[in-house]
Amino acid sequence: MATTQKTLHQYGLLFNGAWRETDDTFSVVHKHTGEEIARIGKASRQDVQDAINDAQATFKTNKLTPIQRYDILMRAAELFQARKEELALIIVQEVGKVLKDARGEIDRGIQTLIASAEEAKRIAGIGVPLSQPGFDGKMAFTVRVPVGVIGAITPFNYPFNLTLHKVGPAIAAGNTVVLKPAEMTPIIACKIADIFLEAGLPAGYLNVVNGFGQETGQYLLEDERIAMYTFTGSPGVGRHIKSVTGIRKVTLELGNNSPNIVHVDAPDVEKAAELCVTRGVGNNGQACISVQRVYVHRDIYDKFIEAAVNVAKALKVGDPEDPATDVGPMISEKEAKRVESWIEEAVQQGANIAFGGKRNGAIFEPTILSSVQPEMKVMCQEIFAPVINVVPYQDIEEAFAWANDTCFGLQVGFFTSNLQLAMRATQELEFGGVIINDVSTTRADVMPYGGVKDSGIGREGPRFAIQEMTDERIIVINL
Ligand code: NAD
């Protein structure tokens, strides 16, 4: 095993540009070795209120121009680039993400920030012709204004890029932020905040309140001074946030049990199999758009399974700090045990393990299941683990219906060389994103990203998040 960095990170809470210690703390462990790597201050209800006070006072008294926001975000992107290796190692340790995926996350987060900076310069409304009897001699246009204080609540699985998907657009749009990072992975969020301060972000723009969801997160939800919540996490918590925040704005980026369809005329069946496996187990299977359900046309099913198993066999499983490792530990042994029990249950109900299926501590092997049924947990719930299920189909109508037969609707992948069928898929598949000839896991950080049904509401991607994080104000002038 690679040597673990011995530094014990210590962070409190960030209000008004300074870190404050708290009496109450919690520890963060290395997800592979289990050793303590950080002690983090836990925010009380009073601390959360203090953070919101600072965010609100800053919003009212210290406005940044779009060019100032651009400069700060670009400077932060440069600092992240310069510290890439240090930051990637933190992600490896606190998430258990393998080094190559952690480096990829840093690269993506930097792009998210650069796109946010660029968008800061082009936030604009529209001209509105008042072409209606009685409105002669009047002109109108809209402007977009920041909403105010944004409460950002993030999940454990992409703690760098997803934090920047919230903080980048929020700052670009002129808002202030109170950030509540996932309690399993708060170190990188604290580093992000430090680097923003170094990049010249004025005190009070980004405040960090650490702690557990049902305490610190809940305090954040109960304060009416937060104008908007931007949340990424599980559907259950998303539903709770929507139910307690009344008529305030919310953006919810939730889960999925991503379907992928490989049709008989797929341009390259082996390539499709490789993508389904590598993007099903990448990030240790813990991505909201990880490949989970794979529907393969009956005529190419055997070829697909053989290719998929060969790809899975070649993957290196183990220490996430080793640059050659493909699959490392899940976020906790408890989660790996949950997956083990779901698979045992599926096998009892008739599923077949084509590859993998075993757990070693928090590590779950890359796993391919066949002979699965729609009502099995491994199929109908979000597995959030390095597991894919492969199902044969005869007619494309059947595959479209099965793909849609879910409470989720984030992204879907469809492999075909038939242009007409591809176009039909874009109409018939009920998801926020339909990816043709690539897997559901495909995401460019600049694209509009978000789901329908239980996968959420609102869109991320800096340009689209800025729409969510600003209000449209109409200006009418009587000439
Ligand atoms: P989670 O819902 O358990 O936690 C997410 C955040 O919510 C954490 O910061 C947590 O402390 C906080 N929280 C929990 N209870 C709360 C409460 N009562 N009030 C306020 N905050 C509360 O999710 P997770 O396990 O960290 O992440 C995994 C989930 O995130 C999966 O479902 C995955 O699909 C989803 N996800 C979605 C996207 C997307 O963009 N759609 C991206 C990544 C992850």
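Residues numbered from 1 in each chain as written. Predicted model: local features only at pLDDT ≥ 70, side-chain atom pairs only at ≥ 80, totals over all residues. Heavy atoms only, no water.

**Student:** Can you lay out the site of the ligand for me, pointing to particular residues and giving the numbers?
**Tutor:** Near the ligand there are 29 residues, and of these Lys180, Glu183, Ser234, Leu254 and Glu382 occur at the shortest range. Contact distances for the ligand include 3.3 Å between an oxygen atom and a backbone N or O atom of Gly213. Contact between the ligand and Gly233: an oxygen atom at 3.3 Å from a main-chain N or O atom of the residue. Considering the ligand on its own, with 850 Å² of exposed area, one finds that the protein chains cover 89% of that surface. Elements that contribute at least two residues to the shell around the ligand include exactly helix H7 (213-222), strand E11 (228-232) and helix H8 (235-244). A total of four residues in the shell around the ligand trace back to one element, the largest contributor, which is H7. Looking at the shell around the ligand, its residues break down into 15 nonpolar, ten polar and four charged. (Near = heavy atom within 4 Å. Polar contact = N/O pair within 3.5 Å; in protein donor to acceptor, adjacent residues only side chain to side chain. Areas by Shrake-Rupley, 256 points an atom, 1.4 Å probe, with all protein chains shown as cover. Helix = DSSP H or I, 4+ residues; strand = E, 2+ residues; numbered from the N terminus. Nonpolar A, V, L, I, M, F, W, Y, C, P; charged D, E, K, R; others polar.)

**Student:** Describe the sheet that holds strand E23 (residues 470-478), listing the residues and the values that go with them.
**Tutor:** Reading across the sheet, the three strands line up as E6-E7-E23 and stay open at both edges, with antiparallel pairing between neighbours. Among the strands making up the open sheet, the edge pair consists of strand E6 (127-128) and E23. Bridge analysis of E6 against strand E7 (residues 138-146) gives two bridges, and the strand direction is antiparallel. Bridge pairing links Val128 to Ala140 in E7. (Pairing = 2+ DSSP bridges.)

**Student:** Summarise the environment of Gly432; cite the residues concerned and give the values.
**Tutor:** Its location among the elements puts Gly432 in the loop between helix H14 (419-428) and strand E21 (433-436). Separated by 25 residues in sequence, Gly432 and Ile457 have C-alpha atoms that sit 9.7 Å apart. When neighbours within four sequence positions are excluded, Gly432 is seen to be in contact with Gly409, Leu410, Gly450, Gly451, Val452 and Arg459. (Contact = heavy atoms within 4.5 Å.)

**Student:** Run through a negative patch on the surface, naming residues and quoting values.
**Tutor:** A cluster of like negative charges, contributed by Asp268, Glu270, Asp302 and Glu306, occupies part of the molecular surface. By the secondary structure assignment, Asp268 is in the loop between strand E13 (259-262) and helix H9 (269-281). (Patch = residues over 30% accessible without salt bridge, like charges linked within 9 Å, V, L, I, M, F, W, Y side chains within 5 Å. Salt bridge = Lys/Arg side-chain N within 4 Å of Asp/Glu carboxyl O. Lys, Arg positive; Asp, Glu negative; His and termini not counted. Charge placed at Lys NZ, Arg CZ, Asp CG, Glu CD.)

**Student:** Quick rundown of the domain arrangement of the protein? Include the residues and the values.
**Tutor:** Each assigned domain of the protein is listed here: domain 1 (9-254 + 454-478) and domain 2 (259-445). Each partner contributes residues to the interface: domain 1 has 33 residues there, and domain 2 has 31 residues. A buried area of about 2400 Å², summed over both sides, lies between domain 1 and domain 2, and 53% of it is on carbon and sulfur atoms. Summed over the shared surface of domain 1 and domain 2, the result is two salt bridges. Lys100 is paired through a salt bridge with Asp326; the nearest N and O atoms lie 2.8 Å apart. Taken together, the links from domain 1 to domain 2 amount to 14 residue pairs in polar contact (both at pLDDT 80 or more). Broken down by element, the residue count for the side of domain 1 that touches domain 2 peaks at six residues, all from helix H4 (residues 99-120). Of the residues contributing to the side of domain 1 that touches domain 2, the split by class is twelve nonpolar, eleven polar and ten charged. (Domains from an automatic or database assignment. Buried area = accessible area lost by both parts, 1.4 Å probe.)

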